[in-house]
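In case you want the letters, here they are:
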Amino acid sequence: MRPRVIAAVLAGGVGARMGAPSPKQLLPLEGRPIIEHSIAAFEACPEVDEVVVLMVREYVERVEDIVSSAGFSKVTAVLPGGETRTDTSYAALSAMEGAADTDLALLHDAARPLVRPATIGACVSALGEAGAVGVAVPSGDTVVRVAPGRTGGEAVAQVPPRAELRRMQTPQGFRLGVLRRAYALAMADPGLVATDDCGVVLRYLPEEEVRIVPGEETNIKVTNPGDVEVAETLLRRARARAVLAEVDA
Ligand SMILES: Nc1ccn([C@@H]2O[C@H](COP(=O)(O)OP(=O)(O)OP(=O)(O)O)[C@@H](O)[C@H]2O)c(=O)n1
Ligand SMILES: C[C@](O)(CO)[C@H](O)COP(=O)(O)O
């Protein structure tokens with residue numbers, strides 16, 4: 001029997017950089033809240049069996065209403081997120097406590113509403129070969145490591161070869177036993193600093209391969225003012241291309 005695939009949509013952040021009066025995942029994108037677009041991608045992905053949503057505590061009921069109105073049948077719970085993104089990921093693990101170690105967990109930023117079901121499916125496929133996977137794209141910019149400048153500010157300390165660099169996105173996927181072991185170690189470490197979940201596995205389970213799944217530039221993270229407009233433009237372009245493809249079919 002194939003493993004169950006449980007997705008967690010991580011929406012526990014307040015969107016400080018966006019500076020909106022409510023969390024950015026509730027901002028409208030083509031008439032629907034950003035979080036609705038993100039959940040819809042998992043709802044539409046045949047490989048996904050179940051979805052849990054981790055939301056800013058004060059807005060849990062709001063998201064429950066969004067889920068109900070949208071008719072998302074795979075969503076089994078909308079729960080409070082945590083203080084940090086890592087805390088929210090850990091809360092997602094708690095929401096999956098009834099699942100087997102051999103089941104699969106997909107963790108996705110609610111702030112990435114343009115993820116395609118095909119990318120989600122590619123993560124599930126890749127978990128047939130590796131215990132951890134992460135969607136990533138090459139960098140079109142040269143990325144540098146910086147250090148304090150001699151007279152203040154910052155200075156370039158290292159220019160890693162761009163061919164060896166990728167920009168991580170989400171979903172990030174894991175065999176549940178791998179994620180559970182990594183987080184058991186991570187949550188016991190007072191020095192835990194992580195901005196994603198693949199990094200937690202890499203740091204605490206160095207023997208585990210973290211496989212890259214090629215992503216798409218359109219899978220942007222809505223972070224700063226202006227990003228919603230960018231997402232709107234990308235969404236309109238994708239819809240126009242889909243219409244043309246149907247006409248040509
Ligand atoms: N405590 C947190 C912090 C972040 N996230 C989620 O992680 C994703 C990526 O985080 P980010 O873009 O940084 O969102 P925010 O933390 O809300 O943004 P900011 O840093 O500007 O406050 C988002 O979907 C966000 O809701 C989360 O679930 N729990
Ligand atoms: C997980 C992530 O989207 C990978 O690029 C990113 O690290 C999230 O960072 P944020 O500061 O929590 O948005």
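As recorded in an unreviewed UniProt entry, the protein goes by 2-C-methyl-D-erythritol 4-phosphate cytidylyltransferase and comes from Nocardiopsis codii. UniProt, in the comment section headed Function (unreviewed entry), describes the protein in these words: "Catalyzes the formation of 4-diphosphocytidyl-2-C-methyl-D-erythritol from CTP and 2-C-methyl-D-erythritol 4-phosphate (MEP)." What the UniProt record of the protein gives under Pathway (unreviewed entry) is the line "Isoprenoid biosynthesis; isopentenyl diphosphate biosynthesis via DXP pathway; isopentenyl diphosphate from 1-deoxy-D-xylulose 5-phosphate: step 2/6."

S.K.: How should the nonpolar core be read in this particular structure?
M.R.: It is characteristic of soluble globular proteins that their nonpolar side chains tend to be buried jointly. Grouped together as the largest cluster of nonpolar side chains are 36 residues, with contacts concentrated most on Ile35, Phe42 and Leu106. Element by element, the count of residues in this core is highest for helix H1 (residues 34–43), at five residues. Residues in contact with Phe42, not counting those within four places in the same chain, are Ala7, Val9, Val48, Val51, Lys74, Leu106, His108, Val115, Ile120 and Pro171. Core analysis: the next-biggest nonpolar cluster, separate from the first, contains 24 residues, Leu10, Met96, Ala105 and Tyr204 among them.

S.K.: Just checking my understanding: could you explain the UniProt feature "site: Transition state stabilizer" (unreviewed entry) in the protein for this structure?
M.R.: With numbering matched to this structure, UniProt assigns "site: Transition state stabilizer" (unreviewed entry) to Arg17 and Lys24. For Arg17, the position within the fold is in the loop between strand E1 (5–11) and strand E2 (28–29). Not counting the four nearest positions on each side in its chain, Arg17 is found in contact with Lys221, Thr223, Asn224 and Pro225. You can see Lys24 is positioned in the loop between E1 and E2. Of the residues examined, Lys24 reaches a relative accessible area of 11% and is grouped as buried.

S.K.: I'm lost on the site of ligand 2 in this one. Help?
M.R.: Taken together, Arg17, Arg85, Asp109, Arg112, Met168, Thr170, Thr195, Asp196 and Lys221 form the complete shell of residues around ligand 2. Between an oxygen atom of ligand 2 and a side-chain N or O atom of Asp109, the distance comes to 2.5 Å. For ligand 2, the accessible surface in isolation is 360 Å², of which the surrounding protein chains cover 74%.

S.K.: Honestly, the sheet that holds strand E11 (residues 210–214) in this entry has me stumped. Any pointers?
M.R.: Picture the strands of a sheet paired through backbone hydrogen bonds; they go either parallel or antiparallel. On the basis of which strands lie adjacent, the open sheet formed by seven strands has the order E5-E4-E1-E6-E10-E7-E11 and mixed pairing. The two strands at the open ends of the sheet, each matched to only one other strand, are strand E5 (75–80) and E11. Adjacent strand axes in the sheet meet at a mean angle of 25° when their direction is disregarded. Its contacts with the sheet place helix H2 (residues 60–70) against strand E4 (50–55) and E5, and it is angled at close to 165° to E5. Against the sheet, helix H3 (residues 85–95) contacts E1, E4, E5, strand E6 (104–109) and strand E10 (166–175), and its axis sits at roughly 145° relative to E1.

S.K.: Help me out: how do you make sense of the side chain of Glu36 in this one?
M.R.: By the element assignment, Glu36 lies in helix H1. Once you skip the residues sitting within four places of it in the chain, Glu36 turns out to touch Ile66, Ala70 and Phe72.

S.K.: I'm lost on the pattern of salt bridges in this one. Help?
M.R.: Two side chains that carry opposite charge are able to pair once their charged atoms sit near each other. Applying the stated criterion across every chain yields a total of 16 salt bridges. As a salt-bridge pair, Arg85 and Asp197 come within 2.9 Å of each other at their nearest N and O atoms. Note that Arg85 is positioned in helix H3 and Asp197 in the loop between helix H5 (176–186) and helix H6 (198–204), a separation of 112 residues in sequence. Of the residues examined, Asp197 reaches a relative accessible area of 0% and is grouped as buried.

S.K.: For this particular structure, what's the right way to read a nonpolar patch on the surface?
M.R.: A grouping of Val144, Val146, Val156 and Val159 is seen on the molecular surface, where their side chains present a nonpolar patch of about 320 Å² in accessible area. Here Val159 is to be found in the loop between strand E9 (154–158) and E10.

S.K.: Teacher, can you tell me more about the UniProt feature "site: Positions MEP for the nucleophilic attack" (unreviewed entry) in the protein here?
M.R.: Within this structure's numbering, the places UniProt gives as "site: Positions MEP for the nucleophilic attack" (unreviewed entry) are Arg162 and Lys221. Relative to the helices and strands, Arg162 is located in the loop between E9 and E10. A relative accessible area of 38% places Arg162 in the partly exposed class. Structurally, the position occupied by Lys221 is in the loop between E11 and helix H7 (227–248). In this view, Lys221 contacts Arg17, Asp109, Ala111, Arg112 and Asp227; residues no more than four positions away in its chain are not counted. A polar contact of 2.8 Å, which involves the side chain of Lys221, links it to the side chain of Thr223.

S.K.: What is the right way to look at the side chain of Thr86 in this model?
M.R.: Of note, Thr86 is situated in helix H3. In this structure Thr86 touches Tyr183, Met187, Leu192 and Ala194, once residues within four positions along its chain are discounted.

Calculation notes
The residue numbering used here restarts from 1 in each chain and proceeds along that chain's sequence as written. Ligands are numbered from 1 and chains lettered from A, in the order in which they are written. Selection of residues for local features in this predicted model requires a pLDDT of at least 70, selection of side-chain atom pairs for listing and counting requires 80 or more, and totals for whole chains, interfaces and linings are taken over all residues. Based on all heavy atoms of the structure, the side-chain values leave hydrogens and waters out of the count. UniProt positions are given in the numbering used here, feature names are shortened, and annotations may be inferred rather than shown by experiment. In this text, buried Ala, Val, Leu, Ile, Met, Phe, Trp, Tyr and Cys residues form a nonpolar core when linked through side-chain atoms within 4.5 Å. Under the scheme applied here, a residue whose accessible area is under 20% of the maximum for its type counts as buried, over 50% as exposed, and between as partly exposed, the area being computed with a 1.4 Å probe on protein chains only. By definition, any uninterrupted DSSP run of H or I lasting at least four residues is a helix, any uninterrupted run of E lasting at least two residues is a strand, and each is numbered from the N terminus. In what follows, residue pairs with any heavy atoms lying within 4.5 Å of each other are defined as contacts. Residues are counted as near a molecule or strand when any one of their heavy atoms sits within 4 Å of it. In the analysis that follows, any N or O atom pair within 3.5 Å is treated as a polar contact, provided that within protein one partner can donate a hydrogen and the other can accept it, and provided that, for residues neighboring in sequence, both atoms belong to side chains. Residue-level accessible areas treat just the shown protein chains as cover; the underlying method is Shrake-Rupley with a 1.4 Å probe. Strands are treated as partners if at least two bridges between them are detected by DSSP. Interaxial angles span 0 to 180 degrees and are taken between N-to-C directions of axes, which are lines fitted to C-alpha atoms, for helices over the stretch in contact. Each salt bridge in this description consists of a side-chain nitrogen of Lys or Arg and a carboxyl oxygen of Asp or Glu lying within 4 Å of one another. Here, patches come from residues exposed beyond 30% relative accessible area and free of salt bridges, joined within 9 Å for like charges and within 5 Å for nonpolar side chains (Val, Leu, Ile, Met, Phe, Trp, Tyr).

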